[in-house]
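# Examination of the molecular architecture
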Amino acid sequence: MAKRTRLLSAHAQALNLIASKYAVAVVVTNQMTTKIVHKGQSNQDSFSYLVPALGESWSHAITSRIVLAQTGRSKEIKIKSKRKDKRTGEEVRETIMENVSIRQASLVKSPSRKQKAVDFIVVQAGIRQVPQSSRKRTQADNQGSTEGMAFKAQKPSI
C-alpha cells in the first residue's frame, strides 16, 4: 500500500472515531482536479477528465457523498435587508431584486437514503432554499450538472 493511501486511511479512521465518539458529522471537502492521459506521441492524442483530488481510495472510506454543482441557471429574487444609515444612524429596511445563481446539492452515496438532488442559493444571509416559482420542476431540473466541487460528509456510524 502506498504511503499516501496509508495516510488517507489513517485520517479516515481518526475522523470515523471522532464521528462515532461525539455523534457528529465530519465534513471533508475533496477538490476536483484534471487528469491528463497521453495516448501516443503528440498532444493531439491526449485527453483529460475530472477526478477527485483525494483519489479512488478515499471514496471507499466515506459513508455519504454530496456533490455540489452549479446548474447554469439563475433566478431573480427579492432580498430583504436592514442596515444602519450612515448619516442618521437609524435602521433602514429595504427590499432589492438580485439575480442569484442556482446551485445543486446531490446525495450520490448514502447507506440509508435514496439519491436525491435539491436546488439552493447562496445569499449574504447564508444558504437558502430556492424560492418557488409558478412553474413545475421538470426531470431535467432534477438532474443538474455533476461537474464542480464535491464534498464528502462522514456520517456517524452509531
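Refer to the structure printed above.
Just so it is clear, the model here is predicted, and its values are computed rather than measured.

### Quick notes on the environment of Val122
- Locating Val122 in the fold gives a position in strand S6 (residues 116-123).
- Sequence separation between Val122 and Arg103 is 19 residues, and the spatial gap between their C-alpha atoms is 8.2 Å.
- Excluding its chain neighbours within four sequence positions, the residues that come into contact with Val122 are Arg103 and Ile127.

### A few points about the environment of Asp119
- With respect to the helices, strands and loops of the structure, Asp119 is situated in strand S6.
- In this structure the C-alpha to C-alpha distance between Asp119 and Val130, which are 11 residues apart in sequence, comes to 6.3 Å.
- Among the polar contacts made by the side chain of Asp119, one reaches the side chain of Gln104 at a distance of 3.2 Å.

### A short note on the pairing of strand S7 (residues 126-129)
- In this sheet, S7 lies alongside S6 in antiparallel orientation, the contact comprising 4 bridges. Bridged to Val122 within S7 is Ile127.
- Between S6 and S7, which pair antiparallel one after the other, the connecting turn spans 2 residues.

### Remarks on the packing of aromatic side chains
- Tallied over the full model, the rule gives 1 aromatic pair.
- For the pair Phe47 and Tyr49, a centre-to-centre distance of 6.3 Å together with 25° between the ring planes defines the contact as stacked.

Rules of the game
Residues numbered from 1 in each chain as written. Predicted model: local features only at pLDDT ≥ 70, side-chain atom pairs only at ≥ 80, totals over all residues. Heavy atoms only, no water. Helix = DSSP H or I, 4+ residues; strand = E, 2+ residues; numbered from the N terminus. Contact = heavy atoms within 4.5 Å. Polar contact = N/O pair within 3.5 Å; in protein donor to acceptor, adjacent residues only side chain to side chain. Pairing = 2+ DSSP bridges. Phe/Tyr/Trp six-rings, centres within 6.5 Å; stacked < 30°, edge-to-face > 60°.

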